[in-house]
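Fold and contact review
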Amino acid sequence: MDLVGRGELSDAAWARIDPLLPKHDGAGRPWRDHRQVVNGVLWRLRTGAPWRDLPSRYGPWQTVYRLFAQWEKDGTWAKLLEEVQVRDDAVGAVEWTVSIDSTVARAHQHAAGTRKKGMRPGDESDDPAAVARREALGRSRGGLTTKVHLAVDGRGLPLSIVLSTGNTADCTMLPAVLDAIRVPRAGSGRPRTRPDRVVADRAHSSRKIRHLLRQRKIRTTIPERRDQIANRARRGGLGGRPPAFDTQAYRGRNVVERCFARLKQFRAVATRFDKLAARYRAGVLIASLVLWLRDTAT
């Protein structure tokens, strides 16, 4: 039996996002109750159930899914997350020591087989491998998987979300994760895009990454891999000095692991059921929004 209110937005959280939602559809008709729709989306994210199994108290499942997909396309979900980030940054609550890491989500069998409507013979999308890369589905030891790359602030709240195939190396995605950090100013000025420090594990250790962070004047806390230490020792004086490493700062890296654990309480995040990468990312984004609203509720 469904428990009414479980996992739904509180009054305080709803008050923060309600003014930002669209008020009318393209024909000028008012939407169905926004709160009913958003809570329906949260129910599906929390349970991982098919959209058709949505409880009737949230209205027709077709309406909830249509608005979920439409707000993904027009950027409404991204705008909501951006707005709560802006408000926190305006009062100095965002901690700009950023931790970066990734986690793998197993793809359900229903996530495979994306349709290729409108594609012509010879298009890149006719290539199954190209379709898999575009939809962030990679074959690894556990089958089809998607990798979620996150940058979180010092409190463990997501600042950027990037998807890749499950067999993609973490270090190759760090530049994209950094580029996705963008928190506009509450007043005038350019958006904040540069962390004070980046903390990451050994999977992100490479000369290219360290050079990139030095260029952007970002302090780096990434431990070296054993093979890199051995190569430098073998070269002797030509190996150069070891990179600086702040042990105290590295102790805070577990905030990103804790963030993944919280996000995966949403079953539709822990397991990918969506065929389209954009729809799955929207689910991760909404789950991230819930974490921001819960942790910054006034």
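Definitions and limits used
Residues numbered from 1 in each chain as written. Predicted model: local features only at pLDDT ≥ 70, side-chain atom pairs only at ≥ 80, totals over all residues. Heavy atoms only, no water. Helix = DSSP H or I, 4+ residues; strand = E, 2+ residues; numbered from the N terminus. Buried < 20%, exposed > 50% of the residue type's maximum accessible area, 1.4 Å probe, protein only. Contact = heavy atoms within 4.5 Å. Areas by Shrake-Rupley, 256 points an atom, 1.4 Å probe, with all protein chains shown as cover. Pairing = 2+ DSSP bridges. Expected span 1.5 Å × (residues − 1). Phe/Tyr/Trp six-rings, centres within 6.5 Å; stacked < 30°, edge-to-face > 60°. pLDDT = per-residue confidence, 0-100. 1 Å grid on protein atoms, 1.4 Å probe; cavity = no way out; pocket = protein on both sides within 12 Å on 5 of 7 lines; lining within 4 Å. Points joined across faces, edges and corners; volume = space filled by probe spheres on them. Nonpolar A, V, L, I, M, F, W, Y, C, P; charged D, E, K, R; others polar. Core = buried A, V, L, I, M, F, W, Y, C linked by side-chain atoms within 4.5 Å. Axes fitted to C-alpha atoms, helices over the stretch in contact; angles between N-to-C directions. Parallel < 35°, antiparallel > 145°, perpendicular 65-115°, else oblique. Left-handed = near helix turned anticlockwise from the far one by under 90°.

**Section: the overall build of the protein chain**
Helix and strand content of the protein chain: 12 helices and seven strands. In the protein chain, which comprises 298 residues, the share counted as buried stands at 48%. A sequence separation of at least 24 residues applies to 64% of the contacts in the protein chain between residues at least 6 apart. Within the structure as shown, the protein chain displays about 15,700 Å² of accessible surface, and the carbon and sulfur contribution to it stands at 49%.

**Here we look at the pairing of strand β1 (residues 97–107)**
Across the 11 residues that make up β1, a large majority, eight, are buried. One ladder, built from four bridges, connects β1 with strand β5 (residues 197–200); its direction is parallel. Across the sheet, V98 pairs through a bridge with V198, a residue of β5. Of the strand pairs in this sheet, β1 and strand β3 (residues 143–152) are connected by eight bridges, and their pairing is antiparallel. Pairing of R106 across the sheet is with T145, part of β3. Two elements, β1 and strand β7 (residues 271–272), share two bridges in a ladder whose sense is parallel. Directly across from R106, in β7, lies its bridge partner T271.

**Here we look at the environment of G154**
Structurally, G154 can be placed in the loop between β3 and β4 (158–165). Sequence-distant contacts of G154, defined by excluding residues within four places in its chain, comprise E95, T97 and V255.

**Let's talk about helix α12 (residues 277–295)**
For α12, with 19 residues, the first-to-last C-alpha span of 27 Å sits near the 27 Å given by 1.5 Å per residue. For α12, a buried count of 15 out of 19 residues is recorded, marking the element as mostly surrounded by other parts of the structure.

**Observations concerning the packing of aromatic side chains**
Applying the stated criterion across every chain, the model contains six aromatic pairs. With 6.4 Å between their ring centres and 45 degrees between their planes, F68 and W77 make a pair best called tilted. No difference in accessibility class separates F68 from W77, as the two residues are buried. Site record: aromatic cluster; members linked through ring pairs are W51, Y65, F68, W71 and W77.

**Points about the confidence of the model for the protein chain**
Taken over all residues, the pLDDT of the protein chain has a mean of 88, while the share at 70 or more is 89%. Looking over the protein chain, one finds the lowest element-wise mean pLDDT in helix α5 (residues 128–134), namely 75, and the highest in helix α11 (residues 267–270), namely 97.

**With respect to the layout of surface pockets**
The space that makes up the second largest pocket amounts to roughly 540 Å³. As for the second largest pocket, its lining consists of 19 residues, and the residues nearest its centre are R207, R210, E224, R241 and P243. A per-class count over the lining of the second largest pocket returns four nonpolar, seven polar and eight charged.

**Quick word on the nonpolar core**
Core analysis: the largest hydrophobic core is formed by 73 residues, its most contacted members being W77 and L150. Those residues in contact with L150 that sit more than four places away from it in its chain are S99, I100, D101, P158, S160, I161, V177, V256, C259, F260 and L263.

**Quick word on the packing of helix α4 (residues 76–90) against α12**
Contact geometry of α4 with α12 gives a least axis separation of 9 Å together with a crossing angle of 30 degrees. Relative to α12, α4 is oriented roughly parallel. The two elements α4 and α12 cross, and the hand of that crossing is left-handed. Two secondary-structure elements touch here, α4 through W77, A78, L80, L81, V84, Q85 and D88 and α12 through A282, L285, I286, S288, L289, W292 and L293. Looking at the contact of α4 with α12, its residues break down into 11 nonpolar, two polar and one charged.

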